[in-house]
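Single-letter residue listing:
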Amino acid sequence: MPGTSSVTSRMALNDNKAGMEGLDKEKINKIIMENTIGSRYYKNEVKREAHVRERIKKMKERLQSCTSEQKENAIYKADAMIAEIEKGRDLTRTIIHIDMDAFYASVEERDKPELKKKPMAVGGMNMLSTSNYVARRYGVRAAMPGFIAKKLCPDLVIVPLNFSKYKEVSKEVQKIFAYYDPNFSAMSLDEAYMDVTEHLQDRLLYSKKTRSFAYNVENMYKRSSNQTEDIQQHSSDELMAEKRFKSFGFTAADVAEEIRFRIHQKTRLTASAGVGPNTLLAKIASDFNKPNGQTIISSLRDEVINFMANLPIRKVNGIGKVSEQLLSSLDIKYCKDLLKNRSSLMLLFSPVSCSFFLRTALGCSSNRLEAESERKSISTERTFNACSCLDEQLEKLKELCQTLSNDMKKANVQGKTITLKTKTVDFELHTRSRSTLIPVSSVEELFEISHDLLKQEVALSNNNLSLRLMGIGLSKLEPISGTTQTSIKKFFGKIDNIGLKHKATEQLAVCGSSHSLFEKNNIVEELDDPDEVDDKGGHCNPDELDVLSDDRFNLNLFNDKFGYNGHQVNTDSELVLDTTLLCPVCGRNDFENLQYLNEHLDLCLCGKNSITQNEKNGNHKEIALTSKSVSTAAVDEESYLSAIEANKTSDISDTVGVDFTCPICSVKFNASQTTLKYFNTHVDSCLNRKVIKNILQTDSKMSIVSTTKAKASKDGGKPKKRRKIDSCKGHTIDKFFS
DNA sequence: GCGGATCAG
DNA sequence: ATGGCTGATCCGC
Ligand SMILES: Nc1ccn([C@H]2C[C@H](O)[C@@H](COP(=O)(O)OP(=O)(O)OP(=O)(O)O)O2)c(=O)n1
Ligand SMILES: [Mg+2]
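Residues numbered from 1 in each chain as written. Chains lettered and ligands numbered in written order. Predicted model: local features only at pLDDT ≥ 70, side-chain atom pairs only at ≥ 80, totals over all residues. Heavy atoms only, no water.

(A) Fine view of the protein's contact with DNA strand B. Neighbouring DNA strand B are 25 residues, the closest being Asn317, Ser323, Ser433, Ser435 and Lys476. The sugar-phosphate share of atoms of DNA strand B within 4 Å of the protein amounts to 100%. Between DNA strand B and Gly320 there is a distance of 3.1 Å, counted from a phosphate oxygen to a backbone nitrogen or oxygen. Between DNA strand B and His430 there is a distance of 3.1 Å, counted from a phosphate oxygen to a side-chain nitrogen or oxygen. Elements with a contribution of two residues or more to the surface near DNA strand B: helix H3 (40–64), helix H15 (321–328) and strand E13 (429–440). In the surface near DNA strand B, the residues fall into four nonpolar, 10 polar and 11 charged. (Near = heavy atom within 4 Å. Polar contact = N/O pair within 3.5 Å; in protein donor to acceptor, adjacent residues only side chain to side chain. Helix = DSSP H or I, 4+ residues; strand = E, 2+ residues; numbered from the N terminus. Nonpolar A, V, L, I, M, F, W, Y, C, P; charged D, E, K, R; others polar.)

(B) Summary view of the coordination of the magnesium ion (ligand 2). Binding of the magnesium ion (ligand 2) to the protein goes through Asp99 (OD), Met100 (O) and Asp190 (OD), at separations of 2.0 to 2.2 Å. One can describe the site at the magnesium ion (ligand 2) as octahedral: its six donor atoms subtend angles covering 82 to 175 degrees at the metal. Look at where the donors of the magnesium ion (ligand 2) fall in the sequence and you get D-M-x89-D. Residue Met100 is located in strand E1 (residues 95–100), and its partner Asp190 is located in the loop between strand E5 (185–188) and strand E6 (191–195); the two are separated by 90 residues in the primary sequence. Here the two residues Met100 and Asp190 agree in accessibility, since each one is buried. (Donors = N, O, S within 2.8 Å, 3.2 Å for Na, K, Ca; no water. Tetrahedral: all angles 85-135°; square planar, octahedral: opposite > 155°, others 65-115°. Buried < 20%, exposed > 50% of the residue type's maximum accessible area, 1.4 Å probe, protein only.)

(C) Here's a closer look at the site of ligand 1. In the region of ligand 1, 15 residues are neighbours, and Ala102, Phe103, Thr130, Tyr133 and Arg136 sit closest. Contact between ligand 1 and Asp99: an oxygen atom at 3.1 Å from a side-chain N or O atom of the residue. Within the backbone of Tyr104, an N or O atom sits 3.1 Å from an oxygen atom of ligand 1. Contact with the protein chains removes 73% of the 550 Å² of surface that ligand 1 exposes when unbound. Looking at the shell around ligand 1, the elements that each hand over two or more residues are E1, helix H5 (103–111), strand E3 (128–131) and helix H6 (133–136). In terms of residue class, the shell around ligand 1 is made up of seven nonpolar, two polar and six charged. (Areas by Shrake-Rupley, 256 points an atom, 1.4 Å probe, with all protein chains shown as cover.)

Now the structure itself:
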């Protein structure tokens, strides 16, 4: 009887997580079991486990019924597939995957430092969203009920969720991502892929200053305030003495370090990074040295294959607990086994799954980050105390419909397929769905249809439906307002907007586009070497410029590209060290505050060197402050360039010793610091469709600029979710021929 | 098109 | 006593 002792695979601790190596699984599982056996949840897990076993049994039968000829043929087909995969192998790109460490927990720790040394988790007694690394040593982890975690670790501190905080932090971090790849692909609040191939090319031209970033002064204050009693006395001198900038080199590893450094300075949180030639490898790599570490996977074919060979299949993105079990039953535990037992794979799984497995085994996956795609569904669900009264269920259903309807409005979608989800008190899941001819959007329609679906469900349960959860979802979505906008239509709409802005309201356009050269963080300094900065300790009220806070454009980057020796230093910090505000165009340095400098700069770039024109202030400020965020250096640069082009007298293009002139943007390159190759790279990027992509992406921001004000934080700052081209997520190996 | 199942975060 | 929520995908029918 495969009863009680073998069901553990579903219930047992998942130690497939950073910080959970070498735990006493025996002991931990015992405690988990003691607090699990007999529960309804457990009974349902036993059932699901049985289902998996059944699948395994059928797989084995199927395999045994195959002739040796069929098996040979399967190998032949697998090898053909492998050859095809090899042919398409592309190791030329560089992907970085960044993953924040114990994200929610780290945010809470940051705001309550006394938690740092304690075992701590975020969530509630019912469910934990994540745990810090101290708690992980007790076996406490994400997706574990709080009450069980408490048994594992009685001292565990459980902190409630604070979603808006995590979102805010996420926004900050994603702004940094955009600096390296405006097309970065965010998988969640705490994690993203960047294709830094182009950045690495461009970076070869960066000066040391451009590759240098400031330590956050605020952090130093906090540090010293913990250690010394007299902050006022010490801070200034100590800060001066302390090394205040950190420089980074040219390799992908350097870039990963730089990104993690900037994240840390900006948010006081740590992240881990993985570098590799594709998303599969980058993702695995980022987990390798967690927390607060990074791993680089070579882009040499043989090294990639070697790396994959001894990797447990469970580490691969689309392979979860069940897939691991199924494959394990075929003696496939490491990726190399996928190759060894390829004949079984070919005989049991769909071509799509086989391709995925073989590509994985060879270390191949997507190395192009997918462009933003529209959401495909929207849903909401709630768990509650057992409820078998229809009236009460309908009451809850109504509320769900209301919630969903609100979310639909926010997302600007309606849809044609309504799905009701129910979970019985025995944890049995069911869905009932219905499609309509016309998309539904109102609460009333949602309720009417879902009510009907619930009646169905009640009937199917012999009028005895006791629920612990209900959910309602909508798919086959369409936008609510306006005509269905295809990407290409949006794209041209955008181009029109930009053109219009430049022509009709030239000044506004230029102001709007140049604002991001400066932000409150970016201070001007007189020195060339970031390591020997001297300054007078100044202070800038962060509240004043809040909206603008991290819209950052790396002026040094601009200077590197166009041969201008600027005075800007890089900082992501919220505090400003120096109040010397210097116009990089005309050299004026008597600006009272950053806003004046910004205004002046706008005019200076138009060739009008004056700081009058304060009438426009309200408007100008609004635009300057709101047109921002994921907006990228490249976009700003482009706008900047068009401004220059429209006015060739601009000082910036007047560099000395020029040997090359870009035929597109007229910017000149100095032969002494620019090889022909890099010049060509620049021309390429001028022509590059990437610029178009950037514009496309900046859609929301642009429309904010051209139409209304404010709301920058809400929708405008939200980078839409992007996915990898290879859809590994939800990839299952379900299919087998039975 | 529907329902169940798997996966990620 | 207490076992989440959102979105996506795949498979079989
Ligand atoms: N089942 C899960 C898994 C994760 N999360 C949330 C909380 C996590 O903090 C965040 C990021 O997920 P990760 O898988 O990256 O886990 P952490 O960042 O917490 O830890 P680490 O990445 O260090 O392993 O997503 C969640 O709500 N439910
Ligand atoms: Mg993380």
